[in-house]
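# Remarks on the overall topology
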Amino acid sequence: DSKDKAALEAMLQKYFKLAWDLEAAQRLMPLYLQSAEYAKAILLYKDMQTAYPNSPYAIRHEYWEALRLAARYSELEKDIEDVVINGPRPEAGFAYIARGDLLMAKGMKSQALIDGYLKAAVLFDDIPSIRAEGLARSATAMEAIGDPRAETIRKRLQHEFPDRK
């Protein structure tokens, strides 16, 4: 992994703003997360956002994860809100799920369920990946708060997405 990181970091420097840097960034972000190098992941995203203002969505999910794991909640809240309001529809759906994750991390389980996961499942029911993830995380949040409807949500998830484990 460290050799992979070093090679990708060298590629980023050598090919900055020459398209290959985006490919390197996409491969480097998960490595930074796995090794708990959250500050590097955040800086990498910001560098890519500066270089390619219209295409950072490819690594935005990892960026949000890095912000959450680094407990940089205010930055995360601001970016999620921006995507909810201004982002492309699939990204906005994922932003609601990320909002739920953030609220769960802050211990606000009921709010995570309502303002994150259920909104994703309901408002983005036309995007199967968002709908499925919203339902799955809704059930988990319901279990966390002791809501007996969690099992009903899990059954709905299995009915609508039988291939999902």
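Our subject is the structure that appears above.
Let me begin by describing the structure that accompanies this report. In this text, all values refer to a predicted model and were calculated from it rather than measured experimentally. (Residues numbered from 1 in each chain as written. Predicted model: local features only at pLDDT ≥ 70, side-chain atom pairs only at ≥ 80, totals over all residues. Heavy atoms only, no water.)

### Observations regarding the overall build of the protein
Rule in force here: A run of DSSP states H or I qualifies as a helix once it reaches four residues; a run of E qualifies as a strand once it reaches two. Both are numbered from the N-terminal end. Relative accessibility thresholds used throughout: buried, under 20% of the residue-type maximum; exposed, over 50%; partly exposed, between the two (1.4 Å probe, protein chains only). Contact criterion: two residues are considered in contact whenever any of their non-hydrogen atoms come within 4.5 Å of each other. Surface exposure here means Shrake-Rupley accessible area, sampled with a 1.4 Å probe, where a residue is shielded only by the protein chains that are shown.
Counting its regular elements, the protein contains nine helices and zero strands. Put simply, the protein runs from its N terminus to its C terminus through helices and strands in the order α-α-α-α-α-α-α-α-α. Counting across all 165 residues of the protein, residues that qualify as buried make up 41%. Residue pairs in contact within the protein that sit at least 24 positions apart in sequence constitute 50% of those at least 6 positions apart. Summed over its atoms, the accessible surface of the protein is roughly 9,100 Å², and 54% of this surface lies on carbon and sulfur atoms.

### Considering the packing of helix α6 (residues 89–105) against helix α7 (residues 109–123)
In a packed pair of helices, the relevant descriptors are the angle between the two axes and the axis-to-axis distance. Keep this limit in mind: Note on method: axes are straight lines fitted to C-alpha atoms, helices fitted across the in-contact stretch only, with angles between N-to-C directions ranging 0 to 180 degrees. Here roughly perpendicular refers to angles of 65 to 115 degrees, roughly parallel to angles under 35, roughly antiparallel to angles over 145, and oblique to all remaining angles. Two helices that cross are described as forming a left-handed crossing if the nearer one is turned anticlockwise from the farther one by less than a right angle, and a right-handed crossing if clockwise. Think of it as three bins: nonpolar holds Ala, Val, Leu, Ile, Met, Phe, Trp, Tyr, Cys and Pro, charged holds Asp, Glu, Lys and Arg, and polar takes everything else, Gly as well.
Interhelical geometry of α6 versus α7 gives an angle of 165° and a closest axis separation of 7 Å. Relative to α7, α6 is oriented roughly antiparallel. As for the relative orientation of α6 and α7, their crossing is left-handed in sense. On the side of α6, the interface is formed by Arg-89, Gly-93, Tyr-96, Ile-97, Arg-99, Gly-100, Asp-101, Leu-103 and Met-104, while α7 contributes Lys-109, Gln-111, Ala-112, Asp-115, Gly-116, Tyr-117, Lys-119, Ala-120 and Leu-123. Taken together, the residues of the contact of α6 with α7 sort by class into eight nonpolar, four polar and six charged.

### Points about the environment of Lys-109
In this structure, Lys-109 sits in helix α7. According to the relative accessible area criterion, Lys-109 is partly exposed, its value standing at 36%. Counting along the chain gives 35 residues from Lys-109 to Ala-144, while the straight-line C-alpha distance between them is 7.2 Å. Setting aside residues no more than four positions away along its own chain, Lys-109 makes contact with Met-104, Ala-141, Ala-144 and Ile-145.

### Description of helix α8 (residues 128–145)
Short version of the rule: The span expected for a helix works out to 1.5 Å for each residue beyond the first.
The terminal C-alpha atoms of α8, which comprises 18 residues, lie 26 Å apart, in line with the 26 Å expected from a rise of 1.5 Å per residue. Within the sequence span of α8, burial applies to Ile-130, Arg-131, Ala-132, Gly-134, Leu-135, Ala-136, Ser-138, Ala-139, Ala-141 and Met-142. Residues of α8 that are buried in the fold lie against α6, α7 and α9 (150–160). A positive phi of about 80° marks Gly-146, the residue just after α8.

### Digging into the packing of aromatic side chains
When we look at a pair of aromatic rings, we describe it by the centre distance and by the angle of the planes. Selection rule: Stacked, tilted and edge-to-face are the three classes applied to pairs of Phe, Tyr and Trp rings, where Trp contributes its six-membered ring and a pair requires centres within 6.5 Å; stacked means planes under 30 degrees apart, edge-to-face means over 60, and tilted covers the rest.
Under the criterion given, the structure shown has three aromatic pairs. Ring centres of Tyr-45 and Tyr-63 lie 3.9 Å apart, and the angle between their planes is 15°; on these two criteria the pair is classed as stacked. Placement of Tyr-45 in helix α3 (residues 38–51) and of Tyr-63 in helix α4 (residues 57–69) is noted, with a sequence separation of 18 residues between them. The buried category is assigned to Tyr-45, whose relative accessible area is 0%. The exposure class assigned to Tyr-63 is buried, which follows from its relative accessible area of 5%. Judged by centre distance (5.9 Å) and plane angle (5°), the rings of Trp-64 and Phe-94 are stacked. One end of the pair, Trp-64, is in helix α4; the other, Phe-94, is in helix α6, with 30 residues separating them in the sequence.

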